[in-house]
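# Coordinate analysis (summary)
Here's the letter readout for the chains.
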Amino acid sequence: MKRDTVSPSPDAISQIDEEDFIYNEDVIEVIDSDTVNDEEAMEKDPEKGDASFVFIGHKSGSVFCGSLSKAGKFAVTGGEEDKAYVWDTTSGEIILNCTGHKDSVIFAEFNFDETYLATGDMSGVIQLWRLSDKCSVWNYNMGDTTWMKWHMAANVLIAGSVDGEVFMWKVPDGDCKVLQGYGYRAEAGVILPDGKRLTVGYEDGTIRVFDLKTNTVLSCIPSNIGHTATITALDCYLDNNLILSAAVDGKTILSMSHTGKIISILQNLNSEQETDMKDSDSNWIETVAFCKDPAFQVAATGSLNGEIFIWDISKQVLRHKIEQESGISKVLWRGTTSLLFSGGLDGTLRCFDARNGQCLQLLTGHSEDILDLYIAEEGQIVLTTSDDSTARIFNIANLF
């Protein structure tokens, strides 16, 4: 899960830890002289553009996912060639070659204290790697996977399935709990900042909030009330109550996690009122994110048609509309600042100041779609992955 999420309360952590999950408190740095040699990774670099480093370890196909260590020294990326790599973000030296997958790797992320790495592919093969000795210590095949997330403060891995079930594992033990499916794909999931609840969005537009301790459904927004099509994105505000959701039906909805009550339909891109937008019948919000600054109560949403919307959450009104030259795959806030980054389907990484809607910087280099982006917790670098078979590091230390 995003590491810039507000830390869960001590009470929340203790409830999960004491009866369900085990924490690993020993932080082990990922430093080892016994590195994986890969001479092919030393081939001639492609054009850098604005990137400080270009990783070309993935030899073919798309690089679907990536994440960074907290300090940004190490990156992990997974791709279409059924592999993931851990590599140094300055030199590109490959630290760990994660083999053994059967399909495209769509999840690769360090756990909360960076002692473990989890990688998962579309076929459902999940592997856990211990970073102190670079060994695979646990694996599981859950069947076709739609998404995966680490708990933000425990060695707990959560994943959604095509069948609609949601799996939770305590690792490395492998103890498993399953949240019941309802006949529809579990398309998206987000762990609430308190660490005690999980919101899941489904193929039919239904949204359910689960208690992670009891597996019970705390609230539900059925498809005949809220969204009427596949959920594409979810986020939760730092107050643990407001849920922002988007779906293929073009709607962006603000609701309450405790009750499932819809507060506002912020937008419906496919409504009659939105017909001035190009291709409105096939436009929807692909990515959503609440700003983590409690003094700046806004959320950002990004559409396939290239619009970014900045919403005033307290008033439920549009603050800014930003149009960029391509569709948007992901938006992400830099820590608790008002700086918003967007990954473009034109291969460009953009930075906006959400207070005034101005574009502060264009970062170029990718020749095809940006598929994922990740900002190091310390906020100095951004990792992007792309259809062009590369991953890139961009230095953003000068943006404040």
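What counts and what doesn't
- Starting afresh in each chain, residues are numbered from 1 along the sequence in its written order.
- Reporting in this predicted model follows two pLDDT cut-offs: at least 70 for local features of residues, and 80 or more for side-chain atom pairs to be given and counted; totals over whole chains, interfaces and linings ignore these cut-offs and use all residues.
- Only heavy atoms go into the side-chain values, all of them from the structure, while hydrogens and water stay out.
- UniProt positions are given in the numbering used here, feature names are shortened, and annotations may be inferred rather than shown by experiment.
- By this definition, two strands are paired if DSSP reports at least two bridges between them.
- For helices the rule is a DSSP run of H or I covering at least 4 residues; for strands it is a run of E covering at least 2, with both sets numbered from the N terminus onward.
- Axis lines are fitted through C-alpha atoms, for helices just across the contact stretch, and the angle between N-to-C directions can take any value from 0 to 180 degrees.
- Contacts: residue pairs with any heavy atoms within 4.5 Å of one another.
- Polar contact is the term for a pair of N or O atoms within 3.5 Å; when the atoms are in protein, one must be able to donate a hydrogen and the other to accept it, and sequence-neighboring residues count only if both atoms are side-chain atoms.
- For the exposure calls, accessible area comes from a 1.4 Å probe over protein chains only, and a residue counts as buried if that area is under 20% of its type's maximum, exposed if over 50%, partly exposed in between.
- Under this rule, positive means Lys or Arg and negative means Asp or Glu; His and the chain ends count for nothing.
- Counted as salt bridges are all cases of a side-chain nitrogen of Lys or Arg within 4 Å of a carboxyl oxygen of Asp or Glu.

- As annotated in an unreviewed UniProt entry, the protein chain is Angio-associated migratory cell protein from Vespula pensylvanica.
- Taken verbatim from the UniProt record of the protein chain, the Subcellular location (unreviewed entry) comment is "Cytoplasm".
- Recorded under Function (unreviewed entry), the UniProt text for the protein chain is reproduced unchanged: "Plays a role in angiogenesis and cell migration. In smooth muscle cell migration, may act through the RhoA pathway."

## Considering the sheet that holds strand β14 (residues 186-191)
- Strand order in the open sheet formed by 4 strands is β14-β15-β16-β17, with antiparallel pairing between adjacent strands. Edge positions in the sheet fall to β14 and β17 (217-221), since each has one partner strand and no second. Sheet twist, expressed as the average angle between the axes of neighbouring strands with direction ignored, equals 20°.
- Two elements, strand β15 (residues 197-202) and strand β16 (residues 207-211), share 5 bridges in a ladder whose sense is antiparallel. Bridging from a neighbouring strand, Gly201 pairs with Ile207 of β16.

## Details of the environment of Thr232
- Inspection of the secondary structure puts Thr232 in strand β18 (residues 231-236).
- A sequence separation of 16 residues divides Thr232 from Val248, and the C-alpha atoms of the two residues are 6.6 Å apart.
- Excluding anything up to four places from it in sequence, Thr232 contacts Ala246, Ala247, Val248, Trp284, Ile285 and Glu286.
- In terms of polar contacts, Thr232 uses its side chain to reach the backbone carbonyl oxygen of Ile285, at 2.6 Å.

## Some thoughts on the pairing of strand β24 (residues 307-312)
- Where burial is concerned, most of β24 is hidden: 6 out of the 6 residues are buried.
- Here β24 shows a buried face lined by Glu307, Phe309 and Trp311 and a second buried face lined by Ile308, Ile310 and Asp312.
- Direction of pairing for strand β23 (residues 298-303) relative to β24: antiparallel, over a ladder of 5 bridges. The residue of β24 that forms the bridge with Gly302 is Ile308.

## Focus on the side chain of Asp388
- With respect to the element layout, Asp388 can be found in the loop between β31 (381-386) and β32 (391-395).
- Although Asp388 is buried, it makes no salt bridge; Arg392 carries the closest opposite charge, 4.2 Å away.
- A distance of 3.0 Å separates a polar atom in the side chain of Asp388 from a polar atom in the side chain of His366.
- Ignoring any residue separated from it by four or fewer positions in sequence, one finds Asp388 in contact with His366, Ser367 and Glu368.

## What to know about the UniProt feature "repeat: WD" (unreviewed entry) in the protein chain
- Summarizing the sequence annotation, UniProt attributes the feature "repeat: WD" (unreviewed entry) to residues 98-132 and 363-400 in the numbering used throughout.
- Helix makes up 0% of residues 98-132 and strand 54%. Its end C-alpha atoms lie 15 Å apart.

## A word on the pattern of salt bridges
- This model, assessed by the stated rule, comprises 11 salt bridges.
- A salt bridge links Asp175 to Lys170, with the shortest nitrogen-to-oxygen separation between them at 3.0 Å.
- Owing to a relative accessible area of 43%, Asp175 belongs among the partly exposed residues under this scheme.
- Judged by relative accessible area, Lys170 falls into the buried class, the value being 9%.
- Here Glu187 ties to Arg185 by a salt bridge, and the two come within 2.7 Å at their closest N and O atoms.

## Some words on the sheet that holds strand β4 (residues 84-88)
- Here 4 strands make up an open sheet; going across it, the order is β2-β3-β4-β5 and the pairing antiparallel. Here the strands that pair on one side only, and so sit at the sheet edges, are β2 (63-68) and β5 (94-98). Averaged over all neighbouring strand pairs, the angle between strand axes comes to 15°, with direction disregarded.
- Pairing analysis gives 4 bridges linking β4 to β5, with the strands arranged antiparallel. Residue pairing across strands places Val86 opposite Leu96, the latter belonging to β5.

## Concerning unusual backbone geometry
- Cis geometry marks the peptide bond from Val171 to Pro172, where omega comes out at 10°.
- Within the secondary structure, Pro172 sits in the loop between β12 (166-170) and β13 (175-179).
- Of note in the backbone geometry, Asn215 takes a positive phi value of approximately 70° without being a glycine.

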